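As a plain string of letters, each chain reads:
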Amino acid sequence: MPVEPIDTMGRPIRDLRISVTDRCNFRCTYCMPKEIFNREYRFLERDLLLTFEEIERVAGVFSGLGVRKLRLTGGEPLLRRDLDVLVGALAGIAGVDDLTLTTNGSLLARRAAALAAAGLKRVTVSLDSLDDAVFAAMNDVGFPVQQVLDGIEAASAAGLTPVKVNAVIQRGVNDDGIVAMAEHFRGTGHILRFIEYMDVGHTNGWRLDDVVPAREIRERINARYPLQPIDAGYLGEVAQRWRYVDGAGEIGIISSVTRPFCRTCTRARISAEGMLYTCLFATAGTDLRVLLRGGASDTDLAAAVAAVWTARTDRYSEIRSEATVPLPKVEMSYIGG
Ligand code: SAM
Ligand code: SF4
Ligand code: SF4
C-alpha cells in the first residue's frame, strides 16, 4: 500500500471531483455568462478530454492515495456520451465507497435508472428557484423548473437517495424564494442545500454585496419553520446541517464565504483534460494527461500526485479579500463544482 499523502496543514486526500466535460446546455449567469461563453468561446477539443479508461486509471491511483469518494461533475456531466459506462468502471474501484454526480438535472429524468444500474450511489441536482421566470433568467436558456423536478423524482425512484438539491443564492436575484424552496422540499426526503454565491472563476462579476450570508438564510427559514443544528456527518463535510424541529427532514447551508471550511478540506479536482487542482479557487494546476499519455506507470502517477498534495497550502476562503477576488482563477465550468 502506498503511503497516503498529508498536506502542509495536516489534511489527507479523501474526495476526488472529476470533471468530464467543460460544456453545458445552461448558461447560468453566475457560472457561464453568455457574454463570455458564446460562439467564439473555445471549449476543449474532444481529443484533449481524458478518455474513460484514463479517468478510471487516475481514479484508481487516487484511491490508492486515500480517496474514498468520487464525484462526477462538469460543465454538465450528462452531456458526456455513455456516462453510465464510466460510472460502471468507477464503481468497481476498490476502496471507493461513495460515487456520486452533480448535475443541472435537465437530462436526468431519462438517465437516472441507467446510472443507478451502473453503480452510481447518489446525485446532487442544482436548482436555484421554483419560480419559472427566475429560474429561466438564472439558467439563461429559458429552461423550465418542472423538468428539473422530474429529474429529481426519477433519481429518487431509481434509488439515488437521498437526493441533494443545491441552490446558489444571490441577493436580489432569487433570495426571495428561499422559504418557498424550503417549504417545497420539506418532508420529501430530499436534502435542500443553500450555497453562498462564490467568487469562483473571474467572469461572473462577483461582489460581496451579492452574497446572502448563511446566517441570514437560516434565520429566514427558522422564522417560518424552526430549525435545530445537527452534528457534521464526517470530516470534511462542507454543509452546516440543520433539522426541522417538527421532523420534516433537514437542510444544509454551505458558507464558503462567511464561514470558510478550508481546515478540513480534503478535496482534489481533475479537469476534463486531466489538470489536477487542489483548490476550487486555484490559478494553476498540474497536467496529469501528459503523464498518462507519456507512458507513466501507476507508481509514477501516484508519486506525482503525492508530491503535489504534500506541498499543498490552499486556504483561499480563509484569506479571501478585495485583492484575491480578481485573481485569474480557473472557471467553475472547467474545474467542476
Ligand atoms: N452543471 C452541473 C450543475 O450545475 O450541477 C455541475 C457543474 S456546476 C459548476 C456545480 C455546482 O456549482 C452547481 O451546483 C452550481 O450551482 C455551483 N456553482 C457554479 N458557480 C457558482 C458560484 N459562483 N457560486 C456558488 N456555486 C456555484
Ligand atoms: Fe452549467 Fe452547472 Fe455552470 Fe449552470 S452551474 S452553467 S448548469 S455548469
Ligand atoms: Fe478547499 Fe480551497 Fe475551498 Fe478552502 S477555498 S475549502 S482549500 S477548495
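Look above for the structure.
Scope of this entry: the structure provided in the associated data block. None of these values were measured; they are calculated from a predicted model. (Residues numbered from 1 in each chain as written. Chains lettered and ligands numbered in written order. Predicted model: local features only at pLDDT ≥ 70, side-chain atom pairs only at ≥ 80, totals over all residues. Heavy atoms only, no water.)

## A word on the packing of aromatic side chains
For the structure shown, the criterion picks out 9 aromatic pairs. On the numbers, 6.2 Å between centres and 75° between planes, the contact of Phe26 with Phe135 is edge-to-face. One end of the pair, Phe26, is in the loop between strand 1 (15–19) and helix 1 (52–64); the other, Phe135, is in helix 4 (residues 132–139), with 109 residues separating them in the sequence. Classification of Phe135 as buried rests on a relative accessible area of 2%. Arranged with centres 5.0 Å apart and planes meeting at 45°, the rings of Phe26 and Phe143 form a pair that is tilted. Placement of the pair is Phe26 in the loop between strand 1 and helix 1 and Phe143 in the loop between helix 4 and helix 5 (145–157), with a sequence separation of 117 residues. Residue Phe26 is classed as buried on the basis of its relative accessible area of 2%. Here the aromatic residues Phe26, Phe135 and Phe143 are joined through ring pairs into a cluster of three or more. Residue placement shows Arg320 over the ring face of Phe281; its charged tip is 5.2 Å from the ring centre. (Phe/Tyr/Trp six-rings, centres within 6.5 Å; stacked < 30°, edge-to-face > 60°. Helix = DSSP H or I, 4+ residues; strand = E, 2+ residues; numbered from the N terminus. Buried < 20%, exposed > 50% of the residue type's maximum accessible area, 1.4 Å probe, protein only. Lys NZ or Arg CZ within 6 Å of the ring centre and 35° of its normal.)

## Things to note about the pattern of salt bridges
The full count for this structure, using the stated rule, is 22 salt bridges. Across the pair Arg171 and Glu216 runs a salt bridge whose closest N-O atoms are separated by 2.8 Å. Of the two residues, Arg171 sits in the loop between strand 5 (164–169) and helix 6 (178–185) while Glu216 sits in helix 7 (residues 214–224), which places them 45 residues apart along the sequence. Salt-bridge contacts for Arg263 lead to Glu318; the nearest nitrogen and oxygen are separated by 2.9 Å. On the criterion of sequence distance, the pair formed by Arg263 in the loop between strand 9 (250–254) and strand 10 (267–270) and Glu318 in helix 10 (residues 316–319) is long-range, its members being 55 residues apart. Looking at Glu318, the relative accessible area reads 25%, which means it is partly exposed. (Salt bridge = Lys/Arg side-chain N within 4 Å of Asp/Glu carboxyl O.)

## Regarding the side chain of Glu250
Tracing the chain through its elements places Glu250 in strand 9. Leaving out residues up to four positions away in the same chain, Glu250 has contacts with His190, Ile191, Leu192, Ile230, Arg241, Trp242, Arg243 and Tyr244. (Contact = heavy atoms within 4.5 Å.)

## Focus: unusual backbone geometry
The peptide bond linking Thr161 to Pro162 adopts the cis configuration, its omega dihedral lying at -10°. Within the fold, Pro162 resides in the loop between helix 5 and strand 5. Phi at Asp82 takes a positive value of approximately 55°, unusual for a residue other than glycine. Secondary-structure assignment places Asp82 in the loop between strand 2 (69–73) and helix 2 (83–91). On the basis of relative accessibility, which here comes to 44%, the residue Asp82 falls in the partly exposed class. For Asp140, which is not glycine, the phi dihedral falls at a positive 60°. Tracing the backbone shows Asp140 in the loop between helix 4 and helix 5. According to the relative accessible area criterion, Asp140 is partly exposed, its value standing at 23%.

## Considerations on the sheet that holds strand 8 (residues 240–244)
In space, the 12 strands of this open sheet follow the order 7-8-9-6-5-4-3-2-1-10-11-12, with mixed pairing throughout. The two strands at the open ends of the sheet, each matched to only one other strand, are strand 7 (227–230) and strand 12 (286–287). Where strand 1 and strand 2 come together, 5 bridges link them in parallel fashion. Considered in strand 2, the bridge of Arg17 is made with Arg71. (Pairing = 2+ DSSP bridges.)

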